[in-house]
Amino acid sequence: MDRFVIEGGTPLEGTVSVSGAKNAALPAMAGALLTADGVVLRNVPRVRDIGTMRSLLDELGVDSSVTHEDFGNKVEIHARQLLSSEAPYELVKQMRASILVLGPLVARFGEAHVSMPGGCAIGARPVNLHLKGLERLGAAVSLDHGYIHAKAPRLQGGVFYFDTISVTGTENLMMAAVLADGETLLENAAREPEIQDLADLLIKMGASIEGSGTSRIRICGVPSLHGAEHSIIPDRIEAGTFLAAAGITRGHVVVERAEPRHMTAVIAKLVELGVRVESADGRIEAWGDGSLRAADAATQEYPGFPTDMQAQYMALATQAEGSSVITESIFENRYVHALELMRMGADIRVEGRRAVVRGKTPLSGAPVQASDLRASASLVLAGLAATGETTIDRAYHIDRGYERIEEKLAKAAARIRRVQV
Ligand code: EPZ
């Protein structure tokens, strides 16, 4: 098991290159199931979850290959036919996003058997809306021995309203609807850039989709889809994490290959905290000068401040003068990182969905435990700012969504290394 060892106190200085977005690449890989032709995805991040999705495709009998390119991997997927329509528990328990094969499998092959994804560190994370939506499109859905069984000779278009805005729920139903008979209207759909990116791929494959990126998506079913080539959008959360790293270390970082248009709320909140940020096309520059001041933040669905940046924001807020009130509106249990930050000297009071961060508190290095992906990223940020050594066990949590984070940060003068333990 790998561990990160960080010697804190060094201001970052340098350039980091953002990888493709994990949360865009995963639905795109599932979308390749919708055609018998080959689908080529570029700028795919070299992260653990992509490997898990490839294992799942392999389990289904779908060929895929990976080619290393200058920027990310090229992943070619060719779902000629299936050997199985089952996404097994062993894989789904590693990665909840496995649920994204449900819609495509039912749409193209008429059935799917996907292990129910359990909860995780950040909450119960039900998939009831995925299932309700599939039923709305004519699938017979049942649960048996921990598996979702969904069947439909052919899905029928329909209108589905999301009681709660769901990113993968929107993605799953959009993929189910593209081959359905008739028109589907998804109301109160998620608007994340990753959904727009998936729609762009599906449209290249011959789908008829309007309104992606808005809360109302209209899909006209077509008989079949063909192959396509698509480059994955940059990872806005990785980019935001690096900007926060500049702020917390009082350094200067140039983030290349980013998409500032996807990061309006993130940049606005970092600026409010006192990080200086300037962005041009494809690159964003951030400076931290140590004069951070408290600012409240509430996570919201896109285009609001993303829940996946909440933990990183909290780490930064520990270095701001004053009290910052953070409200986690999306998930019910996304403050695991607060306990570890407190062990490093932070002054944080968690009350349900709210956390009050009182700063500025000096952070001291400590042995801490990674848990969910973004909580672990916030511990890296705190370690970079702390005096002394911080060790972060279970580095695989970070590797799930960050491509060799220690190499990218070390290139920007961070004293961080990976050790085997
Ligand atoms: C996606 O998860 C992301 N994962 C998450 O990123 C991200 O935190 C989340 O969206 C919110 O932005 C991927 O895209 C692979 P949701 P998802 O369905 O789709 C409730 C990371 O770090 N809900 O938008 O699973 C749910 O409980 C991960 O990369 C239902 O009630 O999140 C939550 O409160 C972590 N019923 C809210 O909706 C459902 O059927 C939003 O969840 C579905 C969701």
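Definitions and limits used
- Residues numbered from 1 in each chain as written.
- Predicted model: local features only at pLDDT ≥ 70, side-chain atom pairs only at ≥ 80, totals over all residues.
- Heavy atoms only, no water.
- Helix = DSSP H or I, 4+ residues; strand = E, 2+ residues; numbered from the N terminus.
- Buried < 20%, exposed > 50% of the residue type's maximum accessible area, 1.4 Å probe, protein only.
- Contact = heavy atoms within 4.5 Å.
- Areas by Shrake-Rupley, 256 points an atom, 1.4 Å probe, with all protein chains shown as cover.
- Lys, Arg positive; Asp, Glu negative; His and termini not counted.
- Charge placed at Lys NZ, Arg CZ, Asp CG, Glu CD.
- Pairing = 2+ DSSP bridges.
- Core = buried A, V, L, I, M, F, W, Y, C linked by side-chain atoms within 4.5 Å.
- Axes fitted to C-alpha atoms, helices over the stretch in contact; angles between N-to-C directions.
- Parallel < 35°, antiparallel > 145°, perpendicular 65-115°, else oblique.

Novice: Would you mind going over the overall build of the protein with me for this structure?
Specialist: Counting its regular elements, the protein contains 14 helices and 24 strands. Projected onto its principal axes, the C-alpha coordinates of the protein cover approximately 60 × 40 × 40 Å. Within the span of the protein, comprising 421 residues, buried residues form 60% of the whole. Contacts in the protein between residues far apart in sequence, at least 24 positions, make up 73% of those at least 6 positions apart. When the accessible surface of the protein is summed, it comes to about 15,700 Å², and 48% of that surface belongs to carbon and sulfur atoms. Taking the average place of the 44 positive charges on the side chains of the protein and the average place of its 52 negative ones, the gap between the two points comes to 2 Å.

Novice: Just checking my understanding: could you explain the pairing of strand S4 (residues 63-68) for this structure?
Specialist: As a general feature of sheets, a regular strand has side chains that alternate between the two faces. Bridge count between S4 and strand S5 (residues 73-78): six bridges; the pairing is antiparallel. Looking across to S5, one finds that Ser65 is bridged to Glu76. Linkage of S4 to S5, two consecutive antiparallel strands, is achieved through a turn of four residues, within which Gly72 is found at a positive phi near 75°.

Novice: Hey, could you run me through the nonpolar core in this one?
Specialist: Proteins that are soluble and globular tend to have nonpolar side chains buried together. Grouped together as the largest cluster of nonpolar side chains are 77 residues, with contacts concentrated most on Met174 and Leu202. In terms of residues, this core owes the most to one element, helix H1 (residues 22-31), which gives six residues. For Leu202, the contacting residues outside a window of four places in its chain are Leu34, Met174, Met175, Val178, Ala207 and Ile209. Grouped together as the second largest cluster of nonpolar side chains are 66 residues, Phe242, Ala245, Ala346 and Leu379 included.

Novice: Looking at this model, I keep getting lost on the packing of helix H8 (residues 236-248) against helix H9 (residues 264-273). Mind explaining?
Specialist: The packing of two helices is summarised by the inter-axis angle and the distance between the axes. For the pair H8 and H9, the least separation of the axes is 10 Å and the interaxial angle reads 10°. Classed by the angle they form, the pair H8 and H9 counts as roughly parallel. Where H8 approaches H9, its residues Gly240, Leu243 and Ala244 are matched on the opposing element by Val266, Ile267 and Leu270.

Novice: How do you make sense of the environment of Ala107 when you look at a structure like this?
Specialist: Position of Ala107 relative to the elements: it lies in helix H4 (residues 102-109). Residue classification places Ala107 among the buried residues on the basis of a relative accessible area of 17%. Residues within four places of Ala107 in sequence aside, it is in contact with Leu34, Leu155, Met175, Ala176 and Leu179.

Novice: Sorry if this is basic, but what is going on with the side chain of Gln312 here?
Specialist: Relative to the elements of secondary structure, Gln312 occurs in helix H10 (residues 310-317). Filtering out sequence-adjacent residues up to four positions away, Gln312 remains in contact with Ile237, Thr241, Arg374, Ala377, Ser378, Leu381 and Tyr402.

Novice: Sorry, what's going on with the sheet that holds strand S3 (residues 38-44) here?
Specialist: Pairing between the strands of a sheet comes from backbone hydrogen bonds, and it takes one of two forms, parallel or antiparallel. With mixed pairing, four strands are arranged side by side in an open sheet as S4-S5-S3-S14. The open sheet has two free edges, formed respectively by S4 and strand S14 (228-231), since each of these has just one partner strand. Direction aside, neighbouring strands of the sheet carry axes that sit 15° apart on average. Direction of pairing for S3 relative to S14: parallel, over a ladder of four bridges. Following the sheet pairing, Arg42 is matched in S14 by Ser231. Taken strand by strand, helix H7 (residues 193-204) contacts S3 and S14, and its axis lies near 160° from that of S14.

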